[in-house]
Amino acid sequence: MTRQELASYIVEKYGDLMKPLESGKYDPLFVVEVDKLVDIAQKLKDDENLKFDYFCNLCGVDTNENFEAVYNVASITKNLRLDFKVILPYDKAEVESLQSVWPAIGWYEREMWELYGINVKNHGNLTRFLLPDDWDQGFPMRKNWDAPDFKRMPEK
Amino acid sequence: MADLRTEEFVVNMGPQHPSTHGVCRLVLTMDGEKVVKIEPVIGYLHRAIEKVCENRTYMQCIPILDRFEYVTSMSCNYVFSLATERIAEMEVPERAEYLRVIMLELNRIASHLLFYGVTAMDIGALTPFLYGLRERELIIDLFEMTCGQRLTYNYIRIGGVSRDIPKEFEPKCREAIKIISEKMADYEGLLNENPIWLKRTKGVAVLPKELAIAYGVSGPVLRASGVQYDLRKNDPYCIYDRFDFDIPVGQNGDCFDRYMLRLNEIRESIKIITQALDGLPEGDIKNKKSRMTYKAPAGETYTRIENSRGEMGIYLISDGGKKPLRVKAKGASFNHIQVLPHFGTNMFIADLVANFATLDVIMPEVDR
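This section reports on the structure supplied with the text.

### Some thoughts on the interface of chain A and chain B
Across the contact, 29 residues belong to chain A and 34 residues belong to chain B. Secondary-structure elements contributing two or more residues to the side of chain A that touches chain B are β3 (54-62), β4 (67-75), β5 (80-88) and α3 (105-116) of chain A. With 6 residues, β3 of chain A is the single largest residue contributor to the side of chain A that touches chain B. For the side of chain A that touches chain B, the per-class residue count stands at 17 nonpolar, 7 polar and 5 charged.

Structure representation (structure tokens):
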């Protein structure tokens, strides 16, 4: 299946759930509703013609207007690549965990939670691992984050 | 003896531990000499590379991303350049593509030679380390000759490469790969029939195929588990589809297969380099649009390449401005550390060291 064939297959089969995005270059990019996320992920993995069994990457984004979570998945059996994203308003930054579909996503979701403050429901292990354990300076990857003056931080 | 009770206890392996290849801490729950539970603790090398990239122009991102995975800096340069080129749909001159392939493959050999050395040293053999680093030096010298740097190259740029190779590069490169291909017999002769080495690696820490795919394991570790998946063939980029080379695949997914597979990959890389040197065309080395102030048009893409450790990816989002909106760097080692607790238990702590070494984890790629 070529990239165009994959894009049209998905539009045809899951068109009501996944909307194609023009901004995606090279590999097809779709946007999905946040409450259908787990459902769609499972369908993409189970679909006989797609078999997206391999999780590549999860990318949290702050676009200055809202948050996004971009999922990059691949299929080893069918040799395909696909991206899909959810758009999350600032006041409702929450996604469902996809660990039941792709176990590899666990640490990526943790990282997104830690750096963007996007909550991941049903994750089970949302703890800090990149930043210091006693970090209390907010979510550093957000665009409105001000770097604290580390030189003046009081001794603990 | 029948009612001899054992008690579990916790051992801290790392962060400063020679066999964790950087600063990784493994909190081990032990039952005598057996590992019962592994809890990796990472983040000691977090340098906020992704945040730094958001505050730099596209060209300025490249030297920062050198530090993302410093053993194969060429790949880091390349994956970011490729991402930008895909968004901008930029053409790259033929000669630059060939030079990129030569550099990427030389870098892969250098990385695998380092792997060969440090893995053997972790398991307790010192000589391979000296052998591996001796030949790696030949490649590092080639890089130094080309771009002046020995470790962080900043050589592959958006739309091409930063400078052409000097005249003496080609003979020196041919000589280096000839020496390395001759020395391969030495490398294998030193370990492959060594009974201690075989006992320490054969059948140790088997990573099953299904677990590897579920946890996003990639590169040599995935292929050693019997999955034939190499992005150079499966998701071709650059001009890899023009070269004739094979993808070595392992059978058992144990430490020995992971080690052997990398040695076989060196042979395949030598094939690619020879073909690329033979076919190296004359011409430009850079797209005319490639300048220090380069701005990519709006768009986003996930770009992945086959690094020596596995899949290296960049999710790049451009809003058309001077700086990228988001640069997300993915390194294969992140997944390799994540999967470790799921197959690395129920073995001796010494086998864990062998296992960790053959995963070839590099910490800056994990913490970014």
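Anyway, onward from the coordinates.
### As for the environment of R258 of chain B
Residues and elements named next belong to chain B. Assignment of secondary structure puts R258 in helix α11 (residues 255-279). Here the alpha-carbon distance between R258 and V221, two residues 37 residues apart in the chain, equals 5.9 Å. Each residue touching R258, except ones within four places of it in the same chain, is listed here: P220, V221, A224, G250 and T358.

### What about the sheet that holds strand β1 (residues 9-13) of chain B?
Backbone-to-backbone hydrogen bonds pair the strands of a sheet. The strands run either parallel or antiparallel. All names here are of chain B. Strand order in the open sheet formed by 4 strands is β1-β2-β3-β9, and the pairing between neighbours is antiparallel. With partners counted over all chains shown, the strands left at the sheet margins are β1 and β9 (347-348), one partner each. Sheet topology note: the β1/strand β2 (residues 25-31) ladder contains 5 bridges and is antiparallel. Note that in β2 the partner of N12 across the bridge is V27.

### Some words on the pairing of β2 of chain B
All names here are of chain B. Pairing of β2 with strand β3 (residues 34-41) involves 7 bridges; the strand directions are antiparallel. Paired with T29 across the bridge in β3 is K37. The antiparallel pairing of β2 with β3 creates a hairpin that spans 2 residues between the two strands, and G32 there sits at a positive phi of about 65°.

So, how was this worked out
Residues numbered from 1 in each chain as written. Chains lettered and ligands numbered in written order. Predicted model: local features only at pLDDT ≥ 70, side-chain atom pairs only at ≥ 80, totals over all residues. Contact = placed C-beta atoms within 7 Å. Helix = DSSP H or I, 4+ residues; strand = E, 2+ residues; numbered from the N terminus. Nonpolar A, V, L, I, M, F, W, Y, C, P; charged D, E, K, R; others polar. Pairing = 2+ DSSP bridges.

Treat this as a map of the structure, not an account of what it does.
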